[in-house]
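Residue-level structure breakdown
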Amino acid sequence: MKTLYDVQQLLKKFGIYVYVGKRLWDIEVMALELDHLRKARVVNDKTFVAAKVVLTHEHRIEVQHARDQHQSIGGI
């Protein structure tokens, strides 16, 4: 599992489709859904950890992007 798309496909296997309308929020909801799948013991540890790593990475990118956008607007 290497991309956000891979995580989406994993969730899709369980009938979980996430679209909130903002990428950062989508990532956060996917993380919550993944936690629920782990708690229900339908996702093994290796898959869970791999998906969490991807989600954490993507979340950091989105937060940094938001900071950069805010700074560029504030600098005008």
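Let me sum up the structure you'll find in this document. (Residues numbered from 1 in each chain as written. Predicted model: local features only at pLDDT ≥ 70, side-chain atom pairs only at ≥ 80, totals over all residues. Heavy atoms only, no water.)

On to helix H2 (residues 23-39), then. An ideal rise of 1.5 Å per residue puts 24 Å on 17 residues; H2 measures up with 24 Å between its terminal C-alpha atoms. Listed as buried for H2 are Leu24, Asp26, Ile27, Met30, Ala31, Leu34 and Leu37. All buried residues of H2 project into a common sector of 155° when viewed along the axis, lining one side. In H2, the exposed positions that point more than 90 degrees away from the buried face belong to Leu32, His36 and Lys39. At the exit of H2 stands arginine 41, carrying a positive phi of roughly 60°. (Helix = DSSP H or I, 4+ residues; strand = E, 2+ residues; numbered from the N terminus. Expected span 1.5 Å × (residues − 1). Buried < 20%, exposed > 50% of the residue type's maximum accessible area, 1.4 Å probe, protein only. Arc of directions from axis to C-beta.)

Attention now goes to the environment of valine 53. Looking at where valine 53 falls in the secondary structure, it is placed in helix H3 (residues 45-74). For the pair valine 53 and threonine 3, spaced 50 residues apart in sequence, the C-alpha to C-alpha distance is 9.7 Å.

Okay, the environment of phenylalanine 14 next. For phenylalanine 14, the position within the fold is in the loop between helix H1 (4-13) and H2. With relative accessibility at 36%, the residue phenylalanine 14 sits in the partly exposed group. Along the chain, phenylalanine 14 and glutamate 33 lie 19 residues apart, while their C-alpha atoms are 10 Å from each other. Not counting residues within four places of it along the chain, the set of residues in contact with phenylalanine 14 comprises Leu37, Val42 and Val43. (Contact = heavy atoms within 4.5 Å.)

Turning our attention to the nonpolar core. In this structure, Val7, Leu11, Met30, Leu34 and Leu55 are the most contacted members of the largest nonpolar core, which totals 16 residues. Within the residue set of this core, elements represented by two or more residues are H1, H2 and H3. Ranked by residues supplied to this core, first place goes to H2 with 5 residues. Not counting chain neighbours up to four residues away, the residues in contact with valine 7 comprise Met1, Met30, Ala51, Val54 and Leu55. (Core = buried A, V, L, I, M, F, W, Y, C linked by side-chain atoms within 4.5 Å.)

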